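# Structural overview
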Amino acid sequence: MAVLASSSRAISSIHLTQRTISCCQVISSYCKRRHSTTSTTGSVDSSYLQNEGTIEGVWIFHRHGDRAPNRYLGSPTYLAAESAHWYSRIPPVERGDCHHHDHYAALSQHFPPNIHKSQNDGEYTDINREPFGFLTYNGMDQMRSVGKRFRQRYDRYGHHNSKINGEKRSFLEDWDIQAYSTNYLRTVTSVQCFLDGLIGYHNSVGENRQKQLLHAGGGLRRYYKDAGKHEHMDPSTLTLSGDLSDDQSSVQVQVRDKKIDTLNAFDKRPKMMNDLVKNVISMEGFQRVDSDAKGLADELSELLPGLSGAPQAFGGTPSGINWIHANDHFVCRRAHGIPLSAFSDYEGTSDEDEVERLLESWATPVCSHLSWRFREWYACPKLVAAIAAPPFQEMLDQMIDVTSMGADERRPFVVYSAHDVTLLALLYAIGADFVVSGEDCGGRDMVEGTGGTHSHMVEGSISNSTQHSMSSWRWWPDYSSAIAFELVRLNKGHEYGDTTHIIRVILNGRTLCLLPRLSTDDEGILKDQPPCSRQRFGAVSEGQSQMLSLSDFAQIISVLEQSSYASTNEDGGVYNGTKVGVEGG
């Protein structure tokens, strides 16, 4: 009882979300059960790592799709030329003729955004930067494809309500879909396209096959603009808005009030986050390693002069540049087959090939240093807790509700549209083994590689984490990357104790092994836990795997909240309007 009383006082002090009685019961259940790193509690058949059981709740955090670079980094001489290029890769906004249909309005007709007044006075944060930072046609299609893959998965393995007159109920009759986004046009449009792929395919043919229809933003006018040529779809294949089923317009995309938003801690509590990051930056180890990168930063700035003039968050660091913007140069150009030296004084000169090779040689070191910087950030318990604890608690509350739902009640299907740095924070907070273990590939395997980010999801099935090559903290989330938290009901006879549900965590179609920070005794004391001594979830031994339970997840959140206690209320719960320069990809 002392543990629960102490926990309640801490929770009250830091003004966290009001707990439900069920949540307290879950935490109490955890505290009554002694954890050790060798525990086999929760061990189930390893098939639950992938597709076994019935998925009764889904919470998906995705990065937006492919976009134009956030900032122009070249010489002012070439701004117009590079801008024109990126304008050709993004959907036009409010063009007057029918050949330039406003994709954003078309998507918003079916998945309307609802931006709270506290969020930039109800306007997108990035709307005046066009074309920089805008979602491309490719990015829109990426998100539709991801939505379609998840639709296949949950049609096959998810909860289904009873049939009416022998007819299978629609996806929206099985699932209560909620969509949340940060206040960027690219994240809102991304989740709209995700929903377009998720619920815009209907008229099922056969048990798991569906007739594909073009729809909403994509179906009304989908084309690519490459090499100055339009490739229009056959008009006979296009679906008009009047042809769409009524249930396709029933999901709003919500950008919530800053006071209750769980997605963007940097906007919600800028002073607190600013102080936390500055504390990390001031550490001797950070100063030393970042200073070592100044030579690379200076060389980059010679070829990309916009780096030296770009604003730096938190008063700057020894290396002197914004590494997210630097990494953008390589990622965005590679994604569109654009030479790294294009739109510069070197293009078309005798030095072009040499400069191209030089820039190419910097690509991996730039991404590597960016990954290292955020690894240092997220090694700070208070910082990672401030980002991850609010959405985790929101998930847990809903998961607890699911366990007492009736058979024909709609289950939660929640989509959060955010950024690369958001996904990284969640991975560090949940203890994804490849980011917390300290293993280092030396710069290899930092991205997914070819074949598509979600290519491991085949007809709704996912693969085991042991089959993939993510082996380093240097990994960086690709466009459209997604972390899915699935609440899985165990098959009859597979329950253990009072546990009927487990949590499966999936990254881009692969299940994750987890090494979270957990209390090591009944008193809830968090002791120093190197990854090698932590409890491991998702590892397979003799055909069995220990899976994350609701009480385990509750304890992970409790540990995060303990970490954030000293700093959570520094802003007094009031947003002061300051804009902090952490701009996720």
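Quick caveat, the model's predicted, so the values are computed rather than measured.

Helices and strands together make up the secondary structure of the protein, namely 19 helices and 13 strands. Here the protein holds 585 residues, and 56% of them are scored as buried. Put simply, 80% of the contacts in the protein that link residues at least 6 apart link residues at least 24 apart. Counting only carbon and sulfur atoms, one obtains 48% of the accessible surface of the protein, whose full area is about 24,000 Å².

Further remarks concern the environment of Gly509. By secondary structure assignment, the location of Gly509 is in the loop between β10 (501–507) and β11 (510–511). Between the alpha carbons of Gly509 and Ile483 there is a distance of 8.7 Å; along the sequence they are 26 residues apart.

With that out of the way, let us pick up empty space enclosed by the protein. The method is simple in principle: a probe with the dimensions of a water molecule rolls over the atoms, and the space it marks as empty is what remains. One pass over the full model with this rule turns up 7 cavities of 30 Å³ or more. Considering only enclosed or pocket space, the second largest cavity measures out at about 70 Å³ in volume. Surrounding the second largest cavity, Leu49, Ile503, Arg504, Val505, Thr511, Leu512, Leu514, Phe537, Gly538, Met547 and Leu548 form its lining. Here the lining of the second largest cavity gets 3 residues from one element, more than from any other, and that element is β10. Split by residue class, the lining of the second largest cavity holds 8 nonpolar, 2 polar and 1 charged.

Residues in a regular strand point their side chains to alternate faces of the sheet. The element strand β8 (residues 411–418) is largely enclosed, with a buried count of 8 among its 8 residues. Neither face of β8 is left uncovered, since the one carrying Arg411, Phe413, Val415 and Ser417 and the one carrying Pro412, Val414, Tyr416 and Ala418 both have all their residues buried. Where strand β2 (residues 54–63) and β8 come together, 6 bridges link them in parallel fashion. Along β8, the bridge assignment pairs Trp59 with Val414. Relative to β8, strand β4 (residues 175–181) is paired through 7 bridges, and the arrangement is parallel. Considered in β8, the bridge of Ile177 is made with Phe413.

Another point: the sheet that holds strand β13 (residues 544–546). Spatially, β1-β13-β12 is the arrangement adopted by the 3 strands of the open sheet, whose pairing is antiparallel. Every interior strand has two partners, whereas the edge strands, β1 (43–45) and β12 (540–541), have only one. By the bridge criterion, 3 bridges tie β1 to β13 in an arrangement that is antiparallel. Counted as the bridge partner of Ser43 is Gln546 from β13.

On the secondary structure map, Ser545 appears in strand β13. Judged by its relative accessible area of 1%, Ser545 falls in the buried class. The sequence separation of Ser545 and Cys513 amounts to 32 residues, and the corresponding C-alpha distance is 10.0 Å.

Of all 7 residues in β4, 5 are buried; the element is thus mostly enclosed. Two elements, β4 and strand β7 (residues 253–255), share 2 bridges in a ladder whose sense is parallel. Within the sheet, the bridge partner assigned to Tyr180 lies in β7 and is Gln254.

Here the focus is the packing of helix α5 (residues 137–157) against helix α7 (residues 185–199). Interhelical geometry of α5 versus α7 gives an angle of 40° and a closest axis separation of 6 Å. Taken as axis vectors, α5 and α7 run oblique relative to one another. Where α5 crosses over α7, the handedness of that crossing is right-handed. Between α5 and α7, the residues in contact are Met140, Met143, Arg144, Val146, Gly147, Lys148, Phe150 and Arg151 and Thr189, Ser190, Cys193, Phe194, Asp196, Gly197, Leu198 and Ile199, respectively.

As a further point, take the sheet that holds β10. Taken together, 8 strands build an open sheet; the order of strands is β3-β7-β4-β8-β2-β9-β10-β11 and the sheet is mixed. For this open sheet the edge positions go to β3 (113–115) and β11, each flanked by a neighbour on one side alone. In this sheet, strand β9 (residues 482–489) lies alongside β2 in antiparallel orientation, the contact comprising 8 bridges. Counterpart to His62 in the pairing with β9 is Ala482.

This brings us to the side chain of Ser83. Within the fold, Ser83 resides in helix α3 (residues 79–87). What Ser83 contacts, discounting residues up to four positions off in sequence, is Pro131 and Phe132.

Residues with a pLDDT of 70 or more make up 70% of the protein, whose mean pLDDT is 77. pLDDT under 50 marks residues 29–40. Its contacts with residues more than four places away, or in other chains, come to 25 contacts. With pLDDT under 50 throughout, residues 201–249 is counted as low confidence; its partners more than four residues away or in other chains account for 102 contacts.

Now for helix α12 (residues 294–303). All of the buried residues along α12 are Leu296, Ala297, Leu300, Ser301 and Leu303. Angularly, the buried residues of α12 cover 160° about the axis, an arc narrow enough to put them on a single face. On its buried face, α12 sits against α13 (306–309), α14 (323–335) and α15 (352–378).

Okay, the pattern of salt bridges next. Summed over all chains, the structure comprises 20 salt bridges. For Arg153, the salt bridge identified is with Glu486, shortest N-O distance 2.7 Å. Taken together, the positions of Arg153 in helix α5 and Glu486 in strand β9 put the pair 333 residues apart, joining distant regions of the chain. Here Arg153 falls in the buried class, since its relative accessible area comes to 0%. Arg410 serves as the salt-bridge partner of Asp176, at 3.5 Å between the closest nitrogen and oxygen. Residue Asp176 is found in strand β4, and its partner Arg410 is found in the loop between α16 (381–402) and β8; the two are separated by 234 residues along the sequence. Within this structure, Glu56, Arg411 and Arg489 form a network of salt bridges that share partners.

The next thing to look at is unusual backbone geometry. In this model, Glu130 is joined to Pro131 through a cis peptide bond whose omega is 5°. With respect to the helices and strands, the residue Pro131 is situated in the loop between β3 and α5. Not every positive phi belongs to a glycine, and Asn508 is a case in point at roughly 50°. Tracing the backbone shows Asn508 in the loop between β10 and β11.

About the criteria used
Residues numbered from 1 in each chain as written. Predicted model: local features only at pLDDT ≥ 70, side-chain atom pairs only at ≥ 80, totals over all residues. Heavy atoms only, no water. Helix = DSSP H or I, 4+ residues; strand = E, 2+ residues; numbered from the N terminus. Buried < 20%, exposed > 50% of the residue type's maximum accessible area, 1.4 Å probe, protein only. Contact = heavy atoms within 4.5 Å. Areas by Shrake-Rupley, 256 points an atom, 1.4 Å probe, with all protein chains shown as cover. 1 Å grid on protein atoms, 1.4 Å probe; cavity = no way out; pocket = protein on both sides within 12 Å on 5 of 7 lines; lining within 4 Å. Points joined across faces, edges and corners; volume = space filled by probe spheres on them. Nonpolar A, V, L, I, M, F, W, Y, C, P; charged D, E, K, R; others polar. Pairing = 2+ DSSP bridges. Axes fitted to C-alpha atoms, helices over the stretch in contact; angles between N-to-C directions. Parallel < 35°, antiparallel > 145°, perpendicular 65-115°, else oblique. Left-handed = near helix turned anticlockwise from the far one by under 90°. pLDDT = per-residue confidence, 0-100. Arc of directions from axis to C-beta. Salt bridge = Lys/Arg side-chain N within 4 Å of Asp/Glu carboxyl O.

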